[in-house]
Amino acid sequence: MSAMLLNKEKWPDFIGKLTGKKIWAPSGDGEELRFAPVAEGETPQLAFNNTRVPPKNILFPQTETMYRFQLGDLEMEIPQLDKETIILGLRPCDARAISIVEKLFRWDVDDPYYLKRRELVTLVGLACNEPGLNCFCTSVGGGPASTEGLDLLMVDLGDKYLLETITPKGDALVDTVKELLEEADEASQKLKEAAVNEAGEKISRTVDTENVAQGLPELWEDPLWQKVSASCLGCGTCTYLCPTCHCFDIQDETEAFEARRCRMWDSCMFEEYTLHTSGHNPRPTRRERTRNRINHKYSYYVDKFDVIACVGCGRCINLCPVNIDIVEILRQVKEAL
Amino acid sequence: MTANNPYVPYTATVEDTWYETGGDRCIKTFKVVFDDQSVRQSWSHKPGQCAMIGVLGIGESMISISCSPTEGNFLRFSVMKMGKVTQALHQLEAGDKMMVRGPYGNSFPVDEWQGKKILTIGGGVGQAPLRPIIEYVKANREKYAGLTMIYGARTSGDLCFKSEFDEMNKCEDLSCHLTIDIEEEGWDHNVGFVPQMLLDLEPSPENTIVITCGPPIMIRFVLENLKKLGFEDEQIYTTLENRMKCGIGKCGRCNAGGMYVCKDGPVFSYAVLKEIPEAFA
């Protein structure tokens, strides 16, 4: 691990040096801010809160071809993944989400698509100076400068970025731009500490997760599930915007004789998700589906992987059309326990 | 599943097919053999396990493997015609190709059950996951203290594996009890529901393992009646089914509580099952 400084004036040069790799960075502005590939010669700007949608689609595309085939033929062609990628400027919560989801894709049987993309990507994070209104990362094991999942962490110090390498991949990246960098001095470390502390203090939303994983199953029939799901429209926005939601469907798509088997994001908030062919549905209403969503993140995942499958990014709160608030749900869970 | 990509199925050839039952939701059995010899040799499954079977361009469904590994180097699937994939499967005839990946899930702990009496209680197509146990016990008769099978369906035409019942009755330590819901001309077995037949037969719980598969309503009353007969939770096994896509615990949809049916199941003892909140949902 090393700590270096990059003068912001040299930012375009920094980007220019990262050749040969596909770079994803925040693009657009305001509500439309999202991760997009950086075109050659373009310099992405990193001044933002967080993107409206998380960068999860880069490692786990919304629709991904698993293999192609010709109808009537049995040869299956698996897409080759070999392009090295950099995700630049993702927030620590979204990086933690990647390391959390990776546990599942590595569990028991390796998922070759996710793990190949994970192997090819370098994650360059940007610590948060200005947390969003509904951020609660500090309640679920994260923080404004958490390095979990990251290869390199950048901290905005005003006119400079502090660059802290976390992994050999981060070291390798810093190595390619080293002539632009200077050693970090003690003063800049202190500036970082102050910035991170200040950001942490600005996080106003908190949940108490103690005993929630063990306690949730006991609340199975609690009236709270009816209450918290009553206004749910079943639109699935919460799951599509969630950086840790990873559930998918597998479908065959054909066009003339060209065909592919692909997987695409699915949502446990949809009625069809669990619908049996017989018409029976083990989760017939939004009450059961909401209960499953919360249990999966805060209890089942904890049991299996020892980590909460929520990073406190607040997106599901920010963009729920009927203002369902996971922090509030968890408050009610705690109250009922 | 292939060596480095668990989502890529193997190609298999349908060697033989026949209809078990008729009607709109008919059940057709497929006997299939993997095309690749090395796959045939490396494949091994246990009673209770499932496989993703399908047709390229249509999709895949999780179907229980309805044969025991003791029967030979092939697989059998008994498939009810229900939706898009199963309709496409039903069009397959001998010589056609079927895509298969697996085997998936845990299995009935048949080796732990050695020395015990085995009682299977099936209803309708629920007999398919039970059949491997029956065949396994038949092939290892000296290791088990006997086998009793109770099997029912709505009508005699809805019973699967009919041609195999006579053979069972000829053996003294195996017995086969059939029942249908409504009286039928020419039917010389029991008439009545499976749970009632269980009570009438009054099997002793002593040194016995009971496995039940069938429609949820049947399972419910079978469990009730097993308790009346004095069976302990640990002696009772069943299987769960949920919608599945990946078969390897990734796609997320088959969970019942914190259990993935595709990995932690499909076989559960009642002792485990009754602690899973969504198990009977």
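Residues numbered from 1 in each chain as written. Chains lettered and ligands numbered in written order. Predicted model: local features only at pLDDT ≥ 70, side-chain atom pairs only at ≥ 80, totals over all residues.

Draft legend 1. Seen up close, helix α12 (residues 326-336) of chain A. All names here are of chain A. Within the span of α12, buried status applies to I326, I329, L330 and V333. Along the long axis of α12, the arc covered by the buried residues comes to 95 degrees, so they all point the same way. Looking at the packing, one finds that the buried side of α12 touches α7 (212-215), α8 (224-229), α10 (286-305) and α11 (315-319). (Buried ≥ 20, exposed ≤ 12 C-beta atoms within 10 Å, placed from the backbone. Helix = DSSP H or I, 4+ residues; strand = E, 2+ residues; numbered from the N terminus. Arc of directions from axis to C-beta. Contact = placed C-beta atoms within 7 Å.)

Draft legend 2. Up close: the domain arrangement of chain B. Residues and elements named next belong to chain B. Each assigned domain of chain B is listed here: domain 1 (10-103) and domain 2 (117-239). One C-alpha centre belongs to domain 1, the other to domain 2, and the line joining them spans 24 Å. Facing 15 residues of domain 1, the contacting portion of domain 2 comprises 14 residues. Partitioning the side of domain 1 that touches domain 2 into residue classes produces five nonpolar, eight polar and two charged. (Domains from an automatic or database assignment. Nonpolar A, V, L, I, M, F, W, Y, C, P; charged D, E, K, R; others polar.)

Draft legend 3. Structural view of the pairing of strand β7 (residues 117-123) of chain B. Residue and element names in this part refer to chain B. Counting buried positions along β7 gives seven out of seven residues, so the element sits mostly inside the fold. Burial along β7 is two-sided: the residues K117, L119, I121 and G123 and I118, T120 and G122 are all buried. Where β7 lies against strand β11 (residues 208-213), six bridges are found, and the strand directions are parallel. Each bridged residue has a counterpart across the sheet, and for K117 the counterpart in β11 is T208. Sheet topology note: the β7/strand β8 (residues 147-153) ladder contains six bridges and is parallel. Within β8, the residue paired with L119 across the bridge is T148. Handedness of the β7-helix α3 (residues 127-139)-β8 crossover: right-handed. (Pairing = 2+ DSSP bridges. Right-handed = clockwise from strand over helix to strand, strands pointing away.)

Draft legend 4. Just the interface of chain A and chain B, in detail. The partner chain B presents 29 residues to the 37 residues of chain A that form the contact. Contributing elements (two or more residues each) for the side of chain A that touches chain B: β4 (63-70), α3 (92-106), β10 (248-255) and α10 of chain A. Element by element, the count of residues in the side of chain A that touches chain B is highest for β10(A), at six residues. Here the residues of the side of chain A that touches chain B are counted per class, giving 23 nonpolar, eight polar and six charged.

Draft legend 5. Region of interest: the domain arrangement of chain A. All names here are of chain A. Each assigned domain of chain A is listed here: domain 1 (3-202) and domain 2 (212-336). Taken together, the contact between domain 1 and domain 2 spans 32 residues of the former and 27 residues of the latter. Of all the secondary-structure elements, those providing two or more residues to the side of domain 1 that touches domain 2 are β4 and α3.

Draft legend 6. Representation of the environment of F30(B) in the model. Residues and elements named next belong to chain B. For F30, the position within the fold is in strand β2 (residues 27-34). Judged by local crowding, F30 falls into the buried class, with 27 C-beta atoms found within 10 Å. Once the C-alpha coordinates of F30 and H177 are considered, the two residues, 147 residues apart in sequence, prove to be 25 Å apart. Residues within four places of F30 in sequence aside, it is in contact with V14, T17, R76, F77, V79, L92 and M98.

Draft legend 7. Structural context of the pairing of strand β8 (residues 160-165) of chain A. Residue and element names in this part refer to chain A. Counting buried positions over the six residues of β8 gives five, a clear majority of the element. Of the strand pairs in this sheet, strand β1 (residues 3-7) and β8 are connected by five bridges, and their pairing is antiparallel. When the bridges of β8 are listed, N7 appears paired with K160. Note: strand β7 (residues 152-156) against β8, five bridges, orientation antiparallel. The residue of β8 that forms the bridge with L153 is E164. Where β7 folds back on β8, the antiparallel hairpin that results is connected by three residues, among which G158 adopts a positive phi of roughly 95 degrees.

Draft legend 8. Seen up close, the nonpolar core. Residues A51(B), I53(B) and I133(B) are the most contacted members of the largest nonpolar core, which totals 85 residues. The dominant element in this core, judged by the number of residues it contributes, is α3(B), at six residues. Ignoring sequence-local partners within four residues, the contact set of I133(B) consists of P47(B), F108(B), V110(B), I118(B), T120(B) and I211(B). Membership of the second largest hydrophobic core comes to 75 residues, among which are I23(A), V311(A), C313(A) and I326(A). (Core = buried A, V, L, I, M, F, W, Y, C linked by C-beta atoms within 7 Å.)

Draft legend 9. Structural view of the sheet that holds strand β2 (residues 22-27) of chain A. Residue and element names in this part refer to chain A. Pairing is mixed across the open sheet formed by eight strands, whose spatial order is β3-β2-β5-β6-β7-β8-β1-β9. Either end of the sheet is taken by a strand with one partner, and the two such strands are β3 (34-37) and β9 (181-183). The average angle at which neighbouring strand axes cross in this sheet is 25 degrees, direction not considered. Bridge count for β2 against β3 is four bridges, and the pairing is antiparallel. Bridge assignment links P26 to a residue of β3, and that residue is F35. Lying over the sheet, helix α5 (residues 168-176) contacts β1, β6 (121-126), β7, β8 and β9, oriented at roughly 135 degrees with respect to β8. Against the sheet, helix α6 (residues 186-202) engages β1, β7 and β8, with an angle of about 90 degrees to β8. (Axes fitted to C-alpha atoms, helices over the stretch in contact; angles between N-to-C directions.)

Draft legend 10. Quick look at the packing of helix α5 (residues 194-201) of chain B against helix α6 (residues 216-228) of chain B. All names here are of chain B. Across the interface, α5 lies against α6 with an axial gap of 8 Å and an inter-helix angle of 20 degrees. It follows that α5 is roughly parallel to α6 by the angle criterion. Read as a crossing pair, α5 and α6 show a hand that is right-handed. On α6, the residues touching V194, P195, L198 and L199 of α5 are M218, F221, V222 and N225. Its residues assigned to classes, the contact of α5 with α6 shows seven nonpolar, one polar and no charged. (Parallel < 35°, antiparallel > 145°, perpendicular 65-115°, else oblique. Left-handed = near helix turned anticlockwise from the far one by under 90°.)

Draft legend 11. Structural detail: α6(A). Residues and elements named next belong to chain A. When the terminal C-alpha atoms of α6 are compared, their 25 Å separation across 17 residues agrees well with the 24 Å that a helix rising 1.5 Å per residue should span. Buried residues of α6: K192, A195 and A199, and no others. All buried residues of α6 lie within an arc of 70 degrees about the axis, which places them on one face of the element. More than 90 degrees from the buried face of α6, the exposed residues found are E186, A187, K190, E193, A194, N197 and E201. Packed against the buried residues of α6 are β7 and β8. (Expected span 1.5 Å × (residues − 1).)

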